[in-house]
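# Commentary on secondary and tertiary structure
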Amino acid sequence: MTGLDTGGALAAWRKEYGQGLREPTPATAALLRQRAAKDPPGLLAIQFEALALTGQWEPPYDGGTPVPNLLVLAKRGEPAAIAFLCRTAGLPFILMRNHAPFCAKGVALGQPESAYHLARLHHGRADDFHDGFIDKIDEALHIKPSLPRALALYRQAAQGGHAGAQARLATLLAAGRGVKPDPVQARELAERSAEAGWPEGKAVLGILLLKGQGGPADIGRALMLLDQAARSGQRMAQFTLATLAFRGQYRPRDFLDALTWVRLAQLSRRGDPPEAATERKAAADGDPSALIAQAWYHPSPEAFLSELSAAGHAMAHTILANREWLKEGRQGSQEPSPETAKKLREATTDTTQLRVATQSVTGRWEPAEVTGSSMTDHLVDLANKRDPTAIAFACRNAGLPWLLSWDLAPFCVKGVALGQADSAYHLARLQHARADDFQQGLERRVPKVLGIPTSLPRAVTLYRQAAQGGHAGAQARLATLLAAGRGVKPDPVQARELAERSAGAGWPEGQAVLGILLLKGQGGPADIGRALTLLDQAARSGQRMAQFTLATLAFRGQHRTRDFLDALTWLHLSELSAHGDPPEAEADGLLLEPLRRTRHVARSIENPALDLDARIKATALRKELHESGQWPLTKTPR
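Below is a short write-up of the structure. Computed from a predicted structure; not experimentally measured. Per-chain numbering applies: the sequence of each chain, read as written, is numbered from 1 onward. It should be noted that, the model being predicted, local features are given only for residues of pLDDT at least 70 and side-chain atom pairs only at 80 or more, the latter also being counted only at that level, while totals for whole chains, interfaces and linings use all residues. Excluded from the side-chain calculations are hydrogens and water; all other atoms, namely the structure's heavy atoms, are used.

## Observations regarding the pattern of salt bridges
When a carboxyl oxygen of Asp or Glu is within 4 Å of a side-chain nitrogen of Lys or Arg, the pair counts as a salt bridge. In total, this model carries 28 salt bridges according to the counting rule given. Its salt-bridge partner being arginine 544, residue aspartate 581 comes within 2.7 Å of it at the nearest N-O pair. With aspartate 581 in the loop between α33 (564-575) and α34 (584-587) and arginine 544 in helix α32 (residues 544-556), this residue pair connects regions lying 37 residues apart in the sequence. The class of arginine 544 is buried, set by a relative accessible area of 11%. Only runs of H or I of at least four residues qualify as helices and only runs of E of at least two qualify as strands under DSSP, and these elements are numbered from the N terminus. Accessibility here uses a 1.4 Å probe with only protein chains present; expressed as a share of the type maximum, an area under 20% marks a residue as buried, one over 50% as exposed, and anything in between as partly exposed.

As C-alpha cells, then:
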C-alpha cells in the first residue's frame, strides 16, 4: 500500500490498552513514534509531547482531551502542564474546550506563552487556523473575539520575551490596526522576533526594511528575511515576494515566480491575514492588475502593456491586440492586419476568443471592443436573418463556462424551434444550471443575466429532444439523470444504452457514466476492465465524476491495489479545474459513494507529506494532459 499506515499503529495501541496495558509494547511504541514523526503536529505528536512532561503514556484518543494524564497534572497547578494545555487549546486543526480554561490560569501565573496563545484566540486571525476555525472559537472555547483584549495580552507576552507575541504586536503597530501606527516600535519588536527565528517576525521586519519604515531601508536584508519567512510557510512573506515578482520590483518581472509563491501559499489550509492594501496604492506601486485596469484610459500604455505581455500576462497581450485592432478599425479597415489578427488569435481571454471564433461563422471580424459595444454584432445580425449556423453558434456560446452573453441567449429558443439538437442541448444546460458546466459559480447568474429560469423538468425534455437528434452531450446528461433517478424514473438499462452512444462519440461524461454502470453491473453485465479504461479516459479529460470514482477505488483498494497517493492525486487533479461539482443529488445517486464522503476519506488520512506528493503529481499530470490535448487549460468556443 502506498503511503503511511494511518490505522495500524493506533489500532494496536487501542487493543493493548483494552487488554490492560498502560503503555504500548516496544514494537507498537516504535510504530506510534514513526507515525507521530511523519504527521506533525497531529494529536499523536501532542501525546508524545505530554509523555515527555508526565512520564506516562496517554491512552488512545477517543474524543475529549488527548492528554488526560497531563490534565490531571495541570489541575494540581503544575506550570509546565498549564502552559502546555493553553498552547494546545486552539491548535490550527482542532479546538479543545477542556484545555481553554488553563490559558487564564497561565496568564495569572505570568506565563508569556499562555498570554500569547490566549491573545491568539481573542484575536481570531484566519491565518492562525485551518478551514475557518475562527468562526467556532467563541462557541467551542467560550472565548470571545476582542482585539483590545488580544493587544493587552500580546503586550504582556512580548514584554516577557515571547517571539510570536513580538511579531504579532509588530504587525499591528506597523499596520495601525487597533493601535496608533508606530513603525519604530514595530521594527524594534520585529528585530527581536526575527532574531529568535520567528517567521512572522522575519516577514514584518523584511517588509519594514523594504519600505524603509521605522528606520533606513535595506533591500538585500529585506529580501533575505522574506525568503526565509516564505520558505517557512509565512503567508505575508509569500505574498510580498509574489508582489515584487509581479511588479518587477528589486528583481526582474517574473510571473512564473510570482504565481509559484501564490500557489505555495494556497497549499496551506490556513486562511489569509486581514487585508490592508488599497487599490490606489497598488496602482501607484506598479501593480499589474491596477495598471491593466487603466490600460484603456492611459494616454500611452503600450510600454508597460508590452512589458507585461512579454512576461506572460494574458490580459495585457489581449488589450494590446485589441487596441491595435481598434486603431485599424478607426482608420477604416474592415478587418485587422495579418499581424494584429495573429495576436487576436493568440489571445487566451474569454471575450476575445469568442470574437475570434465568430469570424469563422460570419466571415467578418467583429469590431474591436469598446465600452458599450457588443463583441458579436455581426453574428447577431446574421442570426437575425435566420441563418441556421449562426443561430446554433449563438446558442452554443450564450452560456460558456466562463462567460454569459445575454444578446446570444434568445437564439436558443429559435434554434430549438428549427429542430437543432445542439441548441436543445445548450438550452437544456442553461435551464439545468449544473455547477460542473460553469466556472466559479457562474451557473447561479444564468436566470438573472440570460433571463432563462432554472427548470429541471424543462431541461429533461430538451435533453431528450437533443439525445434523439444524436447529440452526445445530451445522451450523456440524460444517462446521468436516468442512472441517478433525478427528475426522471430510474432506468439503468436506458441509461446504459444512452451512455454507450455518448461514449462511442468520445464524450467524457458519457464515458464516465458508462464506466460507473459497467463497474456496478447496472443496466447490463459488469465489465471491470472496460469500466476502468473508460473512467481513466474520462478522468484525463477533466470529468470530475470519473476522477472521484477512480479516487474511491484507490482508497478502497477495489479492482486495483489500495493506493492513497493515486487517490489523492485524482482528487487534487479535480481541484485544478475552476468548474464546480455536479449536483450532489445527481452525482451521489450514480457514484460509488457520495462526493462529500470521498473528500472526508481524503482528509482522514492526515499525512501532509503524502498529500504534498499528490499535489505535485496532480500538477505535473495536469500539465501533461494540457500539452497532449486531452484536457486543454482553455477551450475555444465551438
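## A few points about the environment of serine 337
Among the secondary structure elements, serine 337 is positioned in the loop between α19 (314-330) and α20 (338-346). Under the relative-accessibility criterion, serine 337 is labelled partly exposed at 25%. Taking the C-alpha atoms as reference points, serine 337 and arginine 486, 149 residues apart in sequence, are found 52 Å from one another. Polar contacts involving the side chain of serine 337 include one to the side chain of threonine 340, which spans 3.0 Å. N or O atoms closer than or at 3.5 Å make up a polar contact, with two conditions inside protein: a donor-capable atom paired with an acceptor-capable one, and, for residues adjacent in sequence, both atoms drawn from side chains.

## So, helix α29 (residues 492-504)
Multiplying 1.5 Å by the helix residue count minus one yields the expected span of that helix. Taking 1.5 Å of rise per residue, 13 residues should cover 18 Å, and α29 covers 18 Å from first to last C-alpha, within 8% of that figure. Restricting attention to buried positions, one finds in α29 the residues Ala495, Arg496, Leu498, Ala499, Ser502 and Ala503. The buried residues of α29 occupy an angular sector of 170° when the element is viewed end-on, so they sit on one face. The inward-facing, buried residues of α29 abut α27 (456-468), α28 (472-484), α30 (508-520) and α31 (528-540). Think of the arc as the fan of directions from the helix axis to the C-beta atoms. Here, two residues are considered to be in contact whenever any of their heavy atoms come within 4.5 Å of each other.

## So, unusual backbone geometry
The phi dihedral of histidine 142 falls on the positive side, at around 60°, and the residue is not glycine. Judged by its relative accessible area of 58%, histidine 142 falls in the exposed class. A positive phi angle, near 65°, is found at histidine 559, a position not held by glycine. Assignment of secondary structure puts histidine 559 in the loop between α32 and α33. By relative accessible area, histidine 559 is classed as partly exposed at 38%.

## Side note on helix α3 (residues 43-54)
Taking 1.5 Å of rise per residue, the 12 residues of α3 would be expected to cover 16 Å, and the 16 Å separating its terminal C-alpha atoms lies within 8% of that figure. In terms of burial, α3 is a largely internal element, 9 of the 12 residues being buried. Residues of α3 that are buried include every one of Leu43, Leu44, Ala45, Ile46, Gln47, Phe48, Ala50, Leu51 and Thr54, and no others. Backbone geometry just after α3 places glycine 55 at a positive phi near 75°.

## Focus: the state of the cysteines
The disulfide criterion is simple: two cysteine sulfur atoms within 2.5 Å. Enumeration according to the criterion identifies 2 disulfides in this entry. Residue cysteine 86 pairs covalently with cysteine 103 via a disulfide, S to S 2.2 Å. Between cysteine 86 and cysteine 103 the disulfide shows an S-S torsion of about 100°. By sign, it is right-handed. Highlighted residues: cysteine 86 in helix α5 (residues 79-87) and cysteine 103 in helix α6 (residues 101-108), separated in sequence by 17 residues. Looking at cysteine 86, the relative accessible area reads 1%, which means it is buried. Across the disulfide from cysteine 395 sits cysteine 412; the S-S distance is 2.2 Å. A torsion of 100° about the S-S bond marks the disulfide between cysteine 395 and cysteine 412 as right-handed. Separated by 17 residues along the polypeptide, cysteine 395 in helix α23 (residues 388-396) and cysteine 412 in helix α24 (residues 410-417) bring together distant segments of the chain. Owing to a relative accessible area of 1%, cysteine 395 belongs among the buried residues under this scheme. Given the relative accessible area of 0%, cysteine 412 is considered buried.

## Here's the deal with empty space enclosed by the protein
Points on a 1 Å grid over protein atoms alone make up a cavity when a 1.4 Å probe fits among them but cannot get out, and a pocket when they form an open set with protein on both sides within 12 Å along at least five of seven lines; lining residues each have an atom within 4 Å of a point. Grid points are joined across faces, edges and corners, and a volume is the space filled by probe spheres set on the points. One pass over the structure, following the stated rule, counts 1 cavity of 30 Å³ or more. Here the largest cavity is characterised by a volume of approximately 50 Å³. Residue lining of the largest cavity: Trp13, Leu32, Leu44, Gln47, Phe48, Leu51, Trp57 and Glu58, and that is the complete set. Basically, the charged four are Asp, Glu, Lys and Arg, the nonpolar ten are Ala, Val, Leu, Ile, Met, Phe, Trp, Tyr, Cys and Pro, and anything else, Gly included, counts as polar. Per-class residue counts for the lining of the largest cavity are 6 nonpolar, 1 polar and 1 charged.

## Some thoughts on the packing of helix α14 (residues 235-247) against helix α15 (residues 255-266)
Angles here are taken between N-to-C directions and fall from 0 to 180 degrees, while the axes themselves are lines fitted to C-alpha atoms, restricted in helices to the stretch in contact. Orientation of α14 relative to α15, taken along the N-to-C sense of each, is 160°, at an axis distance of 8 Å. For the element pair α14 / α15, the angle class is roughly antiparallel. Crossing angle aside, the handedness with which α14 passes α15 is left-handed. Each of Arg235, Gln238, Phe239, Leu241, Ala242, Ala245 and Phe246 in α14 lies in contact with α15, whose residues at this interface are Phe255, Asp257, Ala258, Leu259, Trp261, Val262, Leu264 and Ala265. Residue classes in the contact of α14 with α15 are distributed as 12 nonpolar, 1 polar and 2 charged. Any angle between 65 and 115 degrees counts as roughly perpendicular, while under 35 counts as roughly parallel, over 145 as roughly antiparallel, and the rest as oblique. Two helices crossing with the near one rotated counterclockwise from the far one by less than a right angle form a left-handed crossing, whereas a clockwise rotation gives a right-handed crossing.

## Digging into the side chain of threonine 376
Mapped onto the fold, threonine 376 is located in the loop between α21 (350-362) and α22 (377-384). A polar side-chain atom of threonine 376 sits 3.0 Å from a polar atom in the side chain of aspartate 407. Here threonine 376 is in contact with Leu354, Thr358, Glu366, Asp407 and Leu408, once residues within four sequence places are set aside.

## Some words on the packing of aromatic side chains
Each Phe, Tyr or Trp ring (for Trp, its six-membered ring) is paired with any other whose centre lies within 6.5 Å, and the angle between the two planes then decides the class: stacked below 30 degrees, edge-to-face above 60, tilted in between. What the rule picks out here adds up to 9 aromatic pairs. Ring geometry for tryptophan 13 versus tyrosine 17: centroids 5.5 Å apart, planes at 75°, classification edge-to-face. Residue tryptophan 13 and its partner tyrosine 17 are both found in helix α1 (residues 8-18); the two are separated by 4 residues, about one turn of the helix. Each residue in the set Trp13, Tyr17, Phe48 and Trp57 is aromatic and connected to the rest through ring pairs, giving one cluster.

## Overview of the nonpolar core
Buried residues of nine kinds, namely Ala, Val, Leu, Ile, Met, Phe, Trp, Tyr and Cys, make up a nonpolar core once their side-chain atoms join them within 4.5 Å. If you look at the biggest cluster of nonpolar residues, it comprises 88 residues, and the most contacted ones within it are Tyr463 and Phe555. Sort the elements by how many residues they give to this core and α32 lands first, with 8 residues. Excluding residues that lie within four positions of it along the chain, tyrosine 463 makes contacts with Tyr425, Ala428, Arg429, His432, Ala474, Arg477, Leu478 and Leu481. Of all hydrophobic cores here, the second largest spans 56 residues; its members include Ala100, Ile137, Val204 and Ala237.

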